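Observations on the model geometry
Here is how the chains run, residue by residue.
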Amino acid sequence: MRSHWGWGVEADAPDAAAQRKLARTLKEQLGWDSLLPTEAVAVEDLTLPEPKVALPATLATLASVDVRDRAQHTYGRSYRDVARAHAGRFDHPPDAVVRPTSQAEVANVLDWASEVDVAVIPYGGGSSVCGGVEPDVGTPGRGVISLDMEALAGLIDLEVTDRAARFAAGTYGPAVNDALRPHGLTLRHFPQSFEFSTVGGWVATRAGGHFATGPTHIDDFVESITMETPAGAWESRRLPGSGAGPSPDRLVMGSEGVLGVICEAWLRVQPRPTFRASASVGFETLDAGVRAVRALAQSGLSPANCRLLDPVEALLAGAAASGATGAVLIVGFEGADHALGEVLSRALELCGDHGGDVSPGAMSVREGSGEPARSGAEEAWRSSFLRAPYQRDALVGLGVVVETFETACLWSRFEATDAAIRASIRNAMDQAGLEGIVSMRVTHAYPDGVAPYYTVMARPTPAHGQPVGVNDRIARWDAVKEASMEAITTERATATHHHAVGRDHRSAYDRQRPPLFAEALRAVKSRLDPSGIMNPGVLIDAG
Ligand SMILES: Cc1cc2nc3c(=O)[nH]c(=O)nc-3n(C[C@H](O)[C@H](O)[C@H](O)COP(=O)(O)OP(=O)(O)OC[C@H]3O[C@@H](n4cnc5c(N)ncnc54)[C@H](O)[C@@H]3O)c2cc1C
């Protein structure tokens, strides 16, 4: 059963014993004592506000007002979401969770909602980390429904000649892969949230897969989209490329549920990789590692993996060689057509030019076997990457403030941007009374720039005395997050590289987009969503 407060399924959630073990590790590594495991408030103990709206008889069978269902759809999975849900704080649950089973039913729900002015929040897997699915629509008393797309799921069509597949929007990541595997194909789009996020959510947020270069963003794979809006539906023409004016798909990608409901998408798929080669490379300093990543990104080699971990991140992930204190780069290639050993050798030469050191055993090449090739450091990083969301829940249960955020900037601005972000976080943590660690990894690299991804793990400073409640911890985190957004804006980096804007990144996004573009987007919204029912508060306000 899906957790009503944390990541994934209840059965995989860390129990009290796992939390105690984690508390011991934190004591050993960071000297943090008195961290006590706490349990999430159980569904049976929740009291939610009464639903404010009821669906008409024609739609009532699609709706649920079950407490677990409403609680589960109250939040995404950011730190502030998980912390509030863990504490049983569900201030703005949706009045109902509605699950249409066809595009026609989506249209009927939007017609009804427009007529009675009920806000509609499209909901995929609910893995948003920027307040994208939270039914806090800013107008007290307004009815809100969460439109869960899970019943509109599955592979609808496959065109092997075109190497494209049509999926219903509510299809979760593993189901996408399961449907393509028998055909020897894959979408090869793997966000960390893959298991609990959907095709519609990926398209709506312009999700980023975990490959560092080459096709990895959902944008790269979208061939055509079908969207139902309050003003009607559209389906773009399937084309490999087109110069016919602005692209309708580009308007939908990243629209975050404010224009309409994505119902289907044709996605470009590809043969499953069988050739893989990877290595981990140590660098004495982060700067040297950054220079190597830039060389790789500008070399045309296009590594699938090119993940640079700063020294703190490398230690935390267990990816640093024993005794090493520098940065670690995981670099890897994969494909379905040709051997990659020589490509890896050239990549390692480039790393060597910048002081990179490949230790024996840190390199692995499999040609044509299809078996994943992973070095020890890569394996350590990978398992900690996949387990991280559950670990985060355990930390929340211990009262730790733990969150990630990301951005992207030009190479020429990276050093200054990274320094400004780190300084602003440190300063804000001091002022908010938080102590802890800040780490960074490079998740995506481009010829012209780079996407750094930060993790903050902190606890209220003991000098501040009294035990700190959940609202206080969230308020302290909010201050740090605001400072990071301010630094990102000042440095002219982006409000988000792949986590989307939602409600939480509005202040930075509003300052990033050109004002005339904001007006144009508002005009589009008012044409497609004249009553302003679609996800109010996210991305852009109705005109
Ligand atoms: C642990 C963790 C790891 C993550 N890792 C990554 C990562 O590697 N890369 C990445 O890009 N993101 C990542 N995210 C963020 C999140 O998973 C992505 O934003 C994802 O694309 C959201 O998909 P979803 O199906 O869960 O959408 P939801 O969270 O349900 O919705 C997200 C937004 O899309 C809208 N939406 C959803 N479905 C539709 C639809 N059918 N039509 C219109 N609008 C819709 C919602 O209204 C909302 O605004 C991570 C989140 C977590 C918690």
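Everything numeric here is computed off the predicted structure, so don't read it as measured data. (Residues numbered from 1 in each chain as written. Predicted model: local features only at pLDDT ≥ 70, side-chain atom pairs only at ≥ 80, totals over all residues. Heavy atoms only, no water.)

This next bit is on the pairing of strand β13 (residues 305–309). Taking burial as the measure, the five residues of β13 include five buried ones, the bulk of the element. Side-chain alternation along β13 places N305, R307 and L309 on one buried face and C306 and L308 on a second face that is also buried. In the sheet, β13 pairs with strand β14 (residues 327–335) via five bridges, with the strands oriented antiparallel. Counterpart to L308 in the pairing with β14 is L329. Pairing analysis gives two bridges linking β13 to strand β18 (residues 434–445), with the strands arranged antiparallel. Note that in β18 the partner of L308 across the bridge is V442. (Buried < 20%, exposed > 50% of the residue type's maximum accessible area, 1.4 Å probe, protein only. Helix = DSSP H or I, 4+ residues; strand = E, 2+ residues; numbered from the N terminus. Pairing = 2+ DSSP bridges.)

As a further point, take the UniProt feature "active site" (unreviewed entry) in the chain. As recorded in UniProt, the sites labelled "active site" (unreviewed entry) are Y453. Under the relative-accessibility criterion, Y453 is labelled buried at 7%. Within the structure, Y453 has its side chain in polar contact with the side chain of T404 (distance 3.1 Å). (UniProt positions renumbered as here; feature names shortened; annotations may be inferred. Polar contact = N/O pair within 3.5 Å; in protein donor to acceptor, adjacent residues only side chain to side chain.)

Let's shift gears to the nonpolar core. If you look at the biggest cluster of nonpolar residues, it comprises 133 residues, and the most contacted ones within it are I145, L187, L329, V331 and V400. Those residues in contact with V400 that sit more than four places away from it in its chain are L26, W32, L35, Y79, L395, M457 and A458. Formed by six residues, the second largest nonpolar core is a distinct cluster that contains I121, Y123, V133 and V137. (Core = buried A, V, L, I, M, F, W, Y, C linked by side-chain atoms within 4.5 Å. Contact = heavy atoms within 4.5 Å.)

Turning our attention to empty space enclosed by the protein. In total, this model carries one cavity of 30 Å³ or more according to the counting rule given. Of the pockets and cavities examined, the largest cavity occupies roughly 40 Å³. What lines the largest cavity is simply V129, E403, T404, F405, E406, K481, H499 and H505. Here the element with the most residues in the lining of the largest cavity is strand β16 (residues 401–406); it accounts for four residues. (1 Å grid on protein atoms, 1.4 Å probe; cavity = no way out; pocket = protein on both sides within 12 Å on 5 of 7 lines; lining within 4 Å. Points joined across faces, edges and corners; volume = space filled by probe spheres on them.)

Strand order in the open sheet made by the four strands is β1-β2-β4-β3, with mixed pairing throughout. The two strands at the open ends of the sheet, each matched to only one other strand, are β1 (63–64) and β3 (119–123). Direction of pairing for β1 relative to strand β2 (residues 96–98): antiparallel, over a ladder of two bridges. If you follow A63 over to β2, its bridge partner there is V98.

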